[in-house]
Amino acid sequence: MPFSNSSELSPSFILASIPGLEAAQSWMAIPLCSAYVLAVLANGAVLLVVRAEPGLHAPMYFFLCMLAAIDLALATATVPRILCFYWFGSREISFAACLLQMFLIHTLSAVESTVLLAMAVDRYVAICHPLRHAAVLTNGATAKVGLLALARGVLFFLPLPLLLLPLPFCGSRVLSHSFCLHQDVMNLACANTTPSVVYGLTAILLVMGLDAVLICLSYLLILRAVLRLAAWRERLKVFSTCIAHICVVLAFYVPLIGLSVVHRFGKDLAPLVHIVMGNIYILVPAVLNPIIYGVRTKQIQRRILSLIHVADR
């Protein structure tokens, strides 16, 4: 039944289910819920540990707190709604709620990309210009970077829902994911979507694309500086300080690229592929980021272990 956002009835979309596995969705929600709980606990622990440990009040750990807060917000904006669908059969999502969720997903992803770039710059300055590191990356500068990252995400991705607002929607209302993404919603419009396509692609390239290029450039400069060191042991020791950040960058960009490829070239793929890739994109960074930094940072390890020991008493 055709519908439009200008009609008297509030338009809505239908979240994607897995054909033939609808009856098993309540069971499939269990690992999804477990991953979400793990993400909340792990990222919450990082925030508490950094706040409670004065020795961690440094730019790198403040950036880590930003990542934890972003991952918590991104997972909370999507996973509870997916669980309501899987457990209670609530597949319908209103037009306004869908646009809000879409805006949050894209904006928070842009903010995370900017923070990852800032962390790469932090590593570059610490390794290539160690004497200037404390003067350049102060706590105040770190806070300004966080505000700039948020403003950048909002300014670039606020137009996405605004471009969709005047469009009529007709035909199928079924999304290809269990949450709302710009390209997914845009494909359901029965009008010219060229402005939305062009702006969406431009925003992605100017934010995530540019950030990825600059991160690669920063690591090329870091690698050049590391290779100038005489001893291999010293080279490995210096470069090992970047391992955690490289893993976090891969945990963010690999699912992002995978999801983009599925949207662009995977129209004939099974619906399960779209749903799984979407869930990986939402949850993998949120689960892996605190684990990666927890393993690589002894101060975080010790503080978390002490908290667990106190809780067991």
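Residues numbered from 1 in each chain as written. Predicted model: local features only at pLDDT ≥ 70, side-chain atom pairs only at ≥ 80, totals over all residues. Heavy atoms only, no water.

Trainee: Can you explain the state of the cysteines? Please cite residues and give values.
Mentor: Enumeration over the complete set of coordinates arrives at 2 disulfides. Note on cysteine connectivity: Cys 98 is disulfide-linked to Cys 180, with sulfurs 2.0 Å apart. On the S-S bond that ties Cys 98 to Cys 180, the torsion sits near -120°, and the link is left-handed. Taken together, the positions of Cys 98 in helix H3 (residues 95–128) and Cys 180 in the loop between strand S4 (168–169) and helix H7 (182–186) put the pair 82 residues apart, joining distant regions of the chain. For Cys 98, a relative accessible area of 0% gives the class buried. In this model Cys 170 forms its disulfide with Cys 190; the gap between the sulfur atoms is 2.1 Å. In this pair, Cys 170 is assigned in the loop between S4 and H7 and Cys 190 in the loop between H7 and helix H8 (194–227), connecting sequence segments 20 residues apart. (Disulfide = S-S within 2.5 Å. Helix = DSSP H or I, 4+ residues; strand = E, 2+ residues; numbered from the N terminus. Buried < 20%, exposed > 50% of the residue type's maximum accessible area, 1.4 Å probe, protein only.)

Trainee: Give me the packing of helix H10 (residues 243–265) against helix H11 (residues 271–296): which residues, what numbers.
Mentor: Remark: H10 packs on H11, axes separated minimally by 9 Å, with the N-to-C direction vectors making an angle of 175°. Put simply, H10 runs roughly antiparallel to H11. Its residues placed into classes, the contact of H10 with H11 shows 19 nonpolar, 5 polar and 1 charged. (Axes fitted to C-alpha atoms, helices over the stretch in contact; angles between N-to-C directions. Parallel < 35°, antiparallel > 145°, perpendicular 65-115°, else oblique. Nonpolar A, V, L, I, M, F, W, Y, C, P; charged D, E, K, R; others polar.)

Trainee: A description of the side chain of His 182 should follow, citing residues and the corresponding values.
Mentor: Locating His 182 in the fold gives a position in helix H7. Sequence-distant contacts of His 182, that is, excluding residues within four places in its chain, are made with Met 102, His 106, Leu 160, Leu 164, Ser 196 and Gly 200. (Contact = heavy atoms within 4.5 Å.)

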